[in-house]
Amino acid sequence: MRKIVLLLAATLLSLAGMAQPHQLDISLKKAGAPIPSTLYGIFFEDINYAADGGLYAELVKNRSFEFPNDALQGWKAFGKVEVRNDGPFARNPHYVRLSNPGHPHKWTGLDNEGFFGIGVQEGAAYRFSVWARVPDGGKSMLRIELANTASMGENHFLCQDTLTVTGKEWKKYQLIIHPDQTLEKSILRIFLVGDRATTDLEHVSLFPVDTWMGHENGLRKDLAQALYDLHPGIFRFPGGCIVEGTDLQTRYNWKNSVGPVENRPLNENRWEYTFPLRFYPDYYQSYGLGFYEFFQLSEEIGSEPLPILSCGLACQFQNENANAHCPLDELQPFIQDALDLIEFANGPVDSPWGKVRAEMGHPAPFNMKYIGIGNEQWDATYPEHLEPFLKAIRNAHPEIKVVGTSGPDSEGKQFDYLWPEMKRLKADLVDEHFYRPYNWFLSQGARYDNYDRKGPKVFAGEYACHAKGKKWNHFYASLLEAAFMTGIERNADVVEMATYAPLFAHVEGWQWRPDLIWYDNLRSFRTVSWHVQQLYGQYRGSNCLNLTMNGAPVTGAEGQDGLFASAVLDGNKIYVKVVNTTEKEQDITLNFTGLKKKALVKAVTGVRLSSCEGKLYKDNSLDQATLFQPAAFTFEGEGKCISASAPAYSFSIYVLEK
Ligand code: AHR
């Protein structure tokens, strides 16, 4: 009888020319596949000044005088300054010698320009530190300043202090300074004062005292907080292409990124020169944010760590010559790097690498469960390189899940070749990458519906909507990411993790966009894509629920009016996610099936990200950091069928209770 009434109502509505509500059928008969805690995560790569000049809170550029083209790059020397190379840290041997300029009215010293300037806040505490000695013995004095050289005032400095250096031995000195102004682009200035005794300086450093979790070699608080607030289940690091290197010498070498920071050797950053139209000749990796810090951050933000290591292939985009890569019979050191990393993360404190971890301050294991081997690799050479890694890791650490890759493309020749290869090799997960335009995202809602449930799991390891002609962050692109993610959620039995990329970008130092979080030296903002990721993380739920419209999953398919939807269970709560990618508001009914006769579902609340026509291609910005934010909304109803609406260009989460 009820069916007849509904049918009659539908016929009347359609006769009257009115749009019928879309009925979303959500089955509560049984909880579907469990949703992995790792499903929504983050991808970190040192691109766009994400590490030095970004998340890593060091404010001094080229602190160890190791930049290879010019040991004083980033510095302005005045008076008598000499660069020497027999310093106390074997892997960073350069340092500077400051000597008497030879006239009482002249000065010797150095300015450091920082990364796009040194951003400081009025009244905040900054820790200046330096390794120093007086080579001839006795003592010397340094004046340390933060300065504004553009100031029209009587003096340049924002704060000033003096440091006394004593004796011939290298020692670490430090001062806490408090600038009296907020300034985005100050400089650090060091003067030799007093008797101007010859003084040697190495590893000149300046950090805010108030870092994330207060670590001395710490992270910028607002940026780390933006990661924490995502509650990411998985944390992939350190990239991306920098894992591979333009050549194998410059690949990310995790062993160089641990131990005392003063002795972590500098590495080139390939994003310095990858795009000559946005060229950054001062972009290097200090490794100050290294693997210990990555593991520690994973723990602090509650994520599973997922390190990716080189498989012995240098970046294949940049190297056609086979000689650029490591031959198979010389792969052992690379394999050993992977085994040693597992020991560094998980080994006992009396194992060689477990000891390094313990000495750095973390005797307890980091409990790493995953490792990725290779980034965007392709051709037969990749499975050939991966296979010996798999054998060695399986043999020594059967508990570790290994992630392989399907190459740089979301489909096509290499993708079609590599997926079966990953199955043959029994990789645990396959890393897929897709930076794709609107149409691709609109057409891929059902991408994972027919993936083989018996093969490796999917790690959607790098993705973002890159609009043709609009390759910047904007609402509409993020909305399509939200739409696509309904398909990830619906297929949580085969997709184990997904990470948007890249994560960070400095507004003055980017090479690649869109990105998830932007900043200058003092401020940061979270993009609409960040909010999409955050909402998925917050409303992850515990199990998938079957949701269909006219018997089919809601994937933006023809006849579905640009709607995408998925649903999950979380205890007695139900989260229904609906993305309306069109310009018209659409009425929907949430129709719950599989309930016991008298059982009801009740609307609780909703949260929504939405936009209007004029703002579709805009995003948050440094000046309008909260232009787009999710807003709570109410919808009402109790029963088996609840009416709601999906406004134009919106991503809504309907929270209900059973
Ligand atoms: O995320 C930026 C780059 O995109 C990554 O380094 C690489 O893996 C991909 O090509």
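Residues numbered from 1 in each chain as written. Predicted model: local features only at pLDDT ≥ 70, side-chain atom pairs only at ≥ 80, totals over all residues. Heavy atoms only, no water.

*Asks:* So what's going on with helix H4 (residues 332–346)? Residues and values would help.
*Replies:* Between its first and last C-alpha, H4 extends 21 Å over 15 residues, near the 21 Å set by a 1.5 Å rise per residue. Taken together, the buried positions of H4 are Phe334, Ile335, Asp337, Ala338, Leu339, Asp340, Leu341, Ile342, Phe344 and Ala345. In the core, the buried residues of H4 are packed alongside helix H3 (291–301), strand E17 (304–309), helix H5 (352–359), strand E18 (370–373) and helix H6 (381–396). (Helix = DSSP H or I, 4+ residues; strand = E, 2+ residues; numbered from the N terminus. Expected span 1.5 Å × (residues − 1). Buried < 20%, exposed > 50% of the residue type's maximum accessible area, 1.4 Å probe, protein only. Contact = heavy atoms within 4.5 Å.)

*Asks:* Tell me about the nonpolar core, residues and numbers included.
*Replies:* Ranked by internal contacts, the top residues of the largest apolar core, which has 133 residues, are Phe44, Leu55, Phe291, Ile371, Tyr448, Phe504 and Phe651. Ranked by residue count, the leading element in this core is helix H9 (residues 475–490), at ten residues. Ignoring any residue separated from it by four or fewer positions in sequence, one finds Leu55 in contact with Phe44, Ala50, Gly218, Leu219, Arg220, Leu223, Ala224, Leu227, Leu289, Leu297 and Phe504. Within the second largest apolar cluster, 32 residues are counted, among which are Leu110, Ala132, Ile144 and Val165. (Core = buried A, V, L, I, M, F, W, Y, C linked by side-chain atoms within 4.5 Å.)

*Asks:* Could you give an account of the confidence of the model for the chain, with specific residues and numbers?
*Replies:* Across the chain, pLDDT averages 96, with 97% of residues at or above 70. For the stretch residues 1–17, pLDDT sits under 50, and the model shows six contacts to residues farther than four places along the chain or on other chains. (pLDDT = per-residue confidence, 0-100.)

*Asks:* Residue-level account of the packing of aromatic side chains, with values.
*Replies:* If you walk through the whole model with that rule in mind, you get 55 aromatic pairs. Between Tyr49 and Tyr280, the aromatic rings sit 5.5 Å apart at their centres with planes inclined by 75°, giving edge-to-face as the arrangement. With Tyr49 in the loop between strand E2 (40–43) and strand E3 (75–78) and Tyr280 in the loop between strand E15 (267–268) and strand E16 (284–285), this residue pair connects regions lying 231 residues apart in the sequence. Between Arg270 and the ring centre of Trp271, over which it is positioned, the NZ or CZ distance is 4.6 Å. We note Arg608 situated over the ring of Phe633; from NZ or CZ to the ring centre the distance is 3.7 Å. (Phe/Tyr/Trp six-rings, centres within 6.5 Å; stacked < 30°, edge-to-face > 60°. Lys NZ or Arg CZ within 6 Å of the ring centre and 35° of its normal.)

*Asks:* Lay out the site of the ligand in plain terms, naming residues and giving numbers.
*Replies:* Around the ligand lies a shell formed by Glu45, Gly240, Cys241, Trp271, Asn375, Glu376, His433, Tyr435, Glu462, Pro502 and Trp512. In this structure, an oxygen atom belonging to the ligand sits 2.7 Å away from a main-chain N or O atom of Cys241. Within the side chain of Glu376, a nitrogen or oxygen atom sits 2.8 Å from an oxygen atom of the ligand. Protein contacts shield 95% of the accessible area of the ligand, which totals 280 Å² for the unbound molecule. Class assignment of the residues belonging to the shell around the ligand gives a composition of five nonpolar, three polar and three charged. (Near = heavy atom within 4 Å. Polar contact = N/O pair within 3.5 Å; in protein donor to acceptor, adjacent residues only side chain to side chain. Areas by Shrake-Rupley, 256 points an atom, 1.4 Å probe, with all protein chains shown as cover. Nonpolar A, V, L, I, M, F, W, Y, C, P; charged D, E, K, R; others polar.)

*Asks:* Quick rundown of the environment of Leu230? Include the residues and the values.
*Replies:* Structurally, Leu230 is set in the loop between helix H2 (221–228) and strand E14 (234–237). Taking the relative accessible area as the measure of exposure, Leu230 reaches 6% and is therefore buried. In this structure, the C-alpha to C-alpha distance between Leu230 and Gly537, residues 307 residues apart in sequence, is 6.5 Å. Among residues more than four places away in sequence, those in contact with Leu230 are Ile42, Leu516, Trp530, Gln533, Gln534 and Gly537.

*Asks:* Before we move on, could you go through the layout of surface pockets and cite the residues and values that matter?
*Replies:* Estimates place the volume of the second largest pocket at around 430 Å³. Considering the residues around the second largest pocket, the lining is formed by 23 residues, among which Gly119, Tyr126, Pro208, Arg220 and Asn521 are closest to the centre. Going through the elements one at a time, strand E7 (118–120) and H2 are the ones with two or more residues in the lining of the second largest pocket. In the lining of the second largest pocket, the residues fall into eleven nonpolar, seven polar and five charged. (1 Å grid on protein atoms, 1.4 Å probe; cavity = no way out; pocket = protein on both sides within 12 Å on 5 of 7 lines; lining within 4 Å. Points joined across faces, edges and corners; volume = space filled by probe spheres on them.)

*Asks:* Just give me the short version of the sheet that holds strand E25 (residues 524–526), but keep the residues and values in it.
*Replies:* Pairing in this open sheet of three strands is mixed, and the strands run E23-E24-E25 from one edge to the other. The open sheet has two edge strands, strand E23 (504–506) and E25, and neither has a second partner. In this sheet, neighbouring strand axes are inclined to one another by 20° on average, regardless of whether the strands run parallel or antiparallel. (Pairing = 2+ DSSP bridges. Axes fitted to C-alpha atoms, helices over the stretch in contact; angles between N-to-C directions.)

*Asks:* A description of the packing of H3 against H4 should follow, citing residues and the corresponding values.
*Replies:* Contact pair H3 / H4: the axes reach a minimum separation of 11 Å and the direction vectors enclose 50°. With respect to their mutual orientation, H3 and H4 come out oblique. As for the relative orientation of H3 and H4, their crossing is right-handed in sense. Two secondary-structure elements touch here, H3 through Phe291, Tyr292 and Phe295 and H4 through Leu341, Phe344 and Ala345. (Parallel < 35°, antiparallel > 145°, perpendicular 65-115°, else oblique. Left-handed = near helix turned anticlockwise from the far one by under 90°.)

*Asks:* Any details on the sheet that holds strand E5 (residues 95–99)? Residues and values, ideally.
*Replies:* If you trace the five strands from one edge of the open sheet to the other, you get E4-E5-E13-E8-E11, paired in antiparallel fashion. Two strands close off the open sheet at either side, each with one partner strand: strand E4 (80–84) and strand E11 (171–177). Across this sheet, the average inter-strand angle for adjacent strands is 35°, counted without regard to direction. Inspection of the sheet shows strand E8 (residues 126–133) paired to strand E13 (residues 199–208) by seven bridges, in the antiparallel sense.

*Asks:* Summarise the state of the cysteines; cite the residues concerned and give the values.
*Replies:* Applying the stated criterion to the full structure yields zero disulfides. Sulfur of Cys241: no disulfide; nearest cysteine sulfur belongs to Cys315 and is 4.8 Å away. (Disulfide = S-S within 2.5 Å.)

*Asks:* Describe in detail the environment of Thr250, supporting the description with residues and values.
*Replies:* Note that Thr250 resides in the loop between E14 and E15. Not counting chain neighbours up to four residues away, the residues in contact with Thr250 comprise Ile242, Gly245, Asn267 and Glu268. Of the polar contacts made by the side chain of Thr250, one reaches the side chain of Asp247; its length is 2.6 Å.

*Asks:* Before we move on, could you go through the pairing of strand E19 (residues 401–405) and cite the residues and values that matter?
*Replies:* One face of the sheet, then the other: side chains in a regular strand alternate in exactly this way. Of all five residues in E19, four are buried, a share of seventy percent or more. Across three bridges, the pairing between E19 and strand E20 (residues 429–436) is parallel. By the bridge assignment, Gly404 is partnered in E20 with Val430.

*Asks:* I'd like a description of the environment of Trp212, backed by residues and values.
*Replies:* If you trace the backbone, Trp212 turns up in the loop between E13 and H2. Remark: the alpha-carbon pair of Trp212 and Ala599, spanning 387 residues in sequence, is separated by 47 Å. Those residues in contact with Trp212, other than ones at most four positions away along the chain, are Leu219, Lys221, Ala224, Gln225, Tyr228, Leu297, Glu300 and Ile301. Within the local environment of Trp212, its side chain forms a polar contact with the side chain of Glu300, the two groups lying 2.9 Å apart.

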